[in-house]
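# Structural characterization, general
These are the residues of each chain, in order.
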Amino acid sequence: ARFRPRQYLRLIEDGCIRIVRDREDVAAFATVIPWRHPLLAAERAAIQWGPRPLHLGFVQWSHEDCTPIARAGKLMYIAEVAAAPQHPRAAHRLLPLLLNLYGEYPDCFFFSVCSERPQMNVRPALLYHRLGFRRVGCVRLPFRFVRCGPYPGRWSVVSPFQSGIWLKSPLRPAAPHP
């Protein structure tokens, strides 16, 4: 799981988890969090947008530097998108749910990341592309610790690790400053 149970409870209380139901079952869900939400402090620190004393260069932009967008803070982070395999049409029902979010936050950029190395996660990349996102860069880490099976405290190193950064512009662009 991406978050711990208490963190999920907080996200539910804050209205950050959107659910697609099939009768009584949860068929799919999306976790969409404002970038300045306290639970994203680790992500903000890991990505370290903008200048800093020790520039490790984890973020690489494709064509444009998106640092000003991050500093402005009008960002919604799509942390998770998942559909239950026993509900074959659930992923298609996520599309209107995500599109409705753009209407709720017309002044915000939306962004997400999806794994590219060591294994490409193709479905989220296709979903983001279909929703009008564009790949603007990547986060590269020289290594990443991952849990090994059901064994508590057992970790393995995956090297190298890369996630693409996907961005969708606001429905209502910001007014130019005089």
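### Here's the deal with the pairing of strand S5 (residues 109–117)
The two faces of a sheet get side chains in turn, since along a regular strand they alternate between them. Counting buried positions along S5 yields 7 of 9 residues, so the element is predominantly enclosed. Strand direction decides the pairing type here: strand S4 (residues 75–83) and S5, joined by 3 bridges, are parallel. Bridging across to S5, Met 76 finds its partner in Phe 110. Running through helix H4 (residues 90–104), the crossover from S4 to the neighbouring parallel element S5 is right-handed. In terms of strand pairing, S5 meets strand S9 (residues 161–168) through 7 bridges, oriented antiparallel. Within S9, the position partnered with Phe 110 by the bridge is Lys 168.

### With respect to the nonpolar core
Core analysis: the biggest nonpolar cluster contains 23 residues, and Val 32, Ile 78, Leu 98, Phe 110, Leu 131 and Phe 133 have the highest contact counts within it. Excluding its chain neighbours within four sequence positions, the residues that come into contact with Phe 133 are Ile 78, Tyr 102, Phe 110, Phe 111, Ser 112, Tyr 128, Trp 166, Leu 167 and Lys 168. Counting 20 residues, the second-largest nonpolar core is a separate cluster that includes Leu 11, Leu 39, Ala 79 and Phe 109.

### Looking at helix H5 (residues 122–130)
Taken as a whole, H5 has its buried residues at Ala 125, Leu 127 and Tyr 128. End-on, the buried residues of H5 take up no more than an arc of 160 degrees, which puts them together on one face. Of the exposed residues in H5, those oriented more than 90 degrees away from the buried face are Arg 123, Leu 126, His 129 and Arg 130. Taken together, the buried residues of H5 touch S4, H4, S5 and S9. Positive phi shows up at Gly 132, right after H5, with a value of about 95 degrees.

Definitions and cut-offs
Residues numbered from 1 in each chain as written. Predicted model: local features only at pLDDT ≥ 70, side-chain atom pairs only at ≥ 80, totals over all residues. Heavy atoms only, no water. Buried < 20%, exposed > 50% of the residue type's maximum accessible area, 1.4 Å probe, protein only. Helix = DSSP H or I, 4+ residues; strand = E, 2+ residues; numbered from the N terminus. Pairing = 2+ DSSP bridges. Right-handed = clockwise from strand over helix to strand, strands pointing away. Core = buried A, V, L, I, M, F, W, Y, C linked by side-chain atoms within 4.5 Å. Contact = heavy atoms within 4.5 Å. Arc of directions from axis to C-beta.

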